[in-house]
2 protein chains.
Amino acid sequence: MTPRVRVQNFGVSLDGIGAGEEQTLERPFGHVDPGELMGWAFETASFPGRTEPGGSRGLEDHLTRAFSLGIGAEIMGRHKFGPQRGPWTDDGWIGWWGEEPPFRTPVVVLTHHEREPLTVGATTFHFLDAGPEQALERALELAAGKDVRIGGGVTTVREFLDADLVDEMHVAISPIEYVHGLRLWERPEELADRFHLERIAAPSGVEHCFFWRR
Amino acid sequence: MTPRVRVQNFGVSLDGIGAGEEQTLERPFGHVDPGELMGWAFETASFPGRTEPGGSRGLEDHLTRAFSLGIGAEIMGRHKFGPQRGPWTDDGWIGWWGEEPPFRTPVVVLTHHEREPLTVGATTFHFLDAGPEQALERALELAAGKDVRIGGGVTTVREFLDADLVDEMHVAISPIEYVHGLRLWERPEELADRFHLERIAAPSGVEHCFFWRR
């Protein structure tokens, strides 16, 4: 099977906003509360960050189960990795996730400032100054035949959509509006010329949008 | 994690019927057409029996992806394995699935007539004369720490539900009525005292019911 390029469990508001503009160390999503966009996932038994037993086993659990299924590498933007800007300093930053990040595969971090790879738990971050095509080439190598997840943030997902490099995408629309912020789309239908689009309403109030190439 | 006992992708009609009563070699589901109950799954990219490329990647694909995910063994009734009744004869029967059955794990076949294990492709069938508790104990051994799927048919799923041995269940209700046949339930709500129940309508016309223990 040809490896696929997938976006998984990506959360946006009704007005298409996936993160705020002013990211800080304290607020990785800026003025946006990630609990509002990702609360549906936190409730599921298979959420990668879950530390307690329990959690739901319905539709949304099938979606968080799919987060890692068949994935061999992730590509993320630098701002998903950390709040720093400009050249890296030796500040001991290991990402937002503590000592066991949920990826557990190689991760390509897009940055204009390359540096040596960093291994944290079962995840190794590779820092690459590259456009989407070249980054994908590297991620496919690292994924060794498995699929590649485009992990975000919004700007990175948009960049891969604009380069037409995404095969499959799951976006969860939460019932909230932000007006300002980093916007994935005006409406999901914008992508319907290139993708099949299926929309499913979940009891959580979230609408799950599934896209796959026509 | 404690291994779970799961029913996955089990198809029934609006009136709860999962198979006909008169099984023959030509009609494994008796008067019921499996295409009517399982057509939603056949359309997905991840359906285990798919031989052609293509297929949908929406909600229902996430459900067929989950068929094998984390599963280490299946338990099935004898009638799911074949149409024979009574003592086994040396007829060369290897199950309904040809030379590469979709299970690819050990499978415990419940039968009053024990025989030596049979390996077909990546699947080994173990024939066991046992009640549900003892069969589950054997399947958990064979699953080596992974989950056990209760694969059906209807009678076998009922038997494990009645013994309260099922942790999680996904049943797909197709928009058709049969009136006669092997019945899983009158209504899904019958199980709501023991299980959380989530019902999701898919564009295919199928309603997906997810159950997990309270």
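Cut-off values and rules
- Residues numbered from 1 in each chain as written.
- Chains lettered and ligands numbered in written order.
- Predicted model: local features only at pLDDT ≥ 70, side-chain atom pairs only at ≥ 80, totals over all residues.
- Least-squares fit on C-alpha atoms with pLDDT ≥ 70 in both.
- Contact = placed C-beta atoms within 7 Å.
- Pairing = 2+ DSSP bridges.
- Helix = DSSP H or I, 4+ residues; strand = E, 2+ residues; numbered from the N terminus.
- Axes fitted to C-alpha atoms, helices over the stretch in contact; angles between N-to-C directions.
- Nonpolar A, V, L, I, M, F, W, Y, C, P; charged D, E, K, R; others polar.

Colleague: What exactly am I supposed to notice about the relation of the copies chain A and chain B here?
Modeller: One copy of the chain maps onto the other through a rotation about an axis plus a displacement along that axis. Taken as rigid bodies, chain A and chain B are interconverted by a rotation of 180° and an axial shift of 0.0 Å, the fit giving an RMSD of 0.0 Å. With respect to symmetry, the two chain copies, as superposed, fit the operation of a two-fold axis. For chain A, the residue whose C-alpha comes nearest the rotation axis is A:His62, separated from it by 3.3 Å. Take the interface residues of chain A: 100% of them recur as interface residues in chain B, which is what a same-surface contact looks like.

Colleague: Just checking my understanding: could you explain the sheet that holds strand 7 (residues 147-152) of chain B for this structure?
Modeller: Each strand in a sheet pairs with its neighbour through backbone hydrogen bonds, running either in the same direction (parallel) or in the opposite one (antiparallel). Residue and element names in this part refer to chain B. Across the sheet, which stays open at both edges, the 9 strands sit in the order 5-6-4-3-7-1-8-11-10 with mixed pairing between neighbours. Single-partner strands in this sheet number two, and they are strand 5 (118-120) and strand 10 (195-201). Across the sheet, the axes of successive neighbouring strands diverge by a mean angle of 20°, strand direction being ignored. Summarising the sheet, strand 3 (residues 71-77) and strand 4 (residues 106-110) pair through 4 bridges and their orientation is parallel. When the bridges of strand 4 are listed, Ile 75 appears paired with Val 108. Helix-sheet contacts for helix 4 (residues 132-143) involve strand 1 (5-13), strand 3, strand 4, strand 6 (123-128) and strand 7, and the interaxial angle to strand 3 is about 150°. In the packing of helix 5 (residues 154-162) onto the sheet, the strands contacted are strand 1, strand 3, strand 4 and strand 7, and the crossing angle to strand 7 comes to about 130°.

Colleague: Is there a simple way to explain the environment of B:Asp15 in this structure?
Modeller: Mapped onto the secondary structure, B:Asp15 falls in the loop between strand 1 and strand 2 (17-19). Sequence separation between B:Asp15 and B:Trp185 is 170 residues; the distance between their C-alpha atoms is 7.7 Å.

Colleague: Just to check I follow, could you spell out the interface of chain A and chain B for this structure?
Modeller: Where interface size is given, it is often the accessible area lost as the parts come together that is meant. Each partner contributes residues to the interface: chain A has 16 residues there, and chain B has 16 residues. Counting residues per element, the side of chain A that touches chain B draws most heavily on helix 2 (residues 59-65) of chain A, at 4 residues. Looking at the side of chain A that touches chain B residue by residue, the classes come out as 9 nonpolar, 3 polar and 4 charged.

From the geometry alone we can't say anything about function, so treat these as descriptive.
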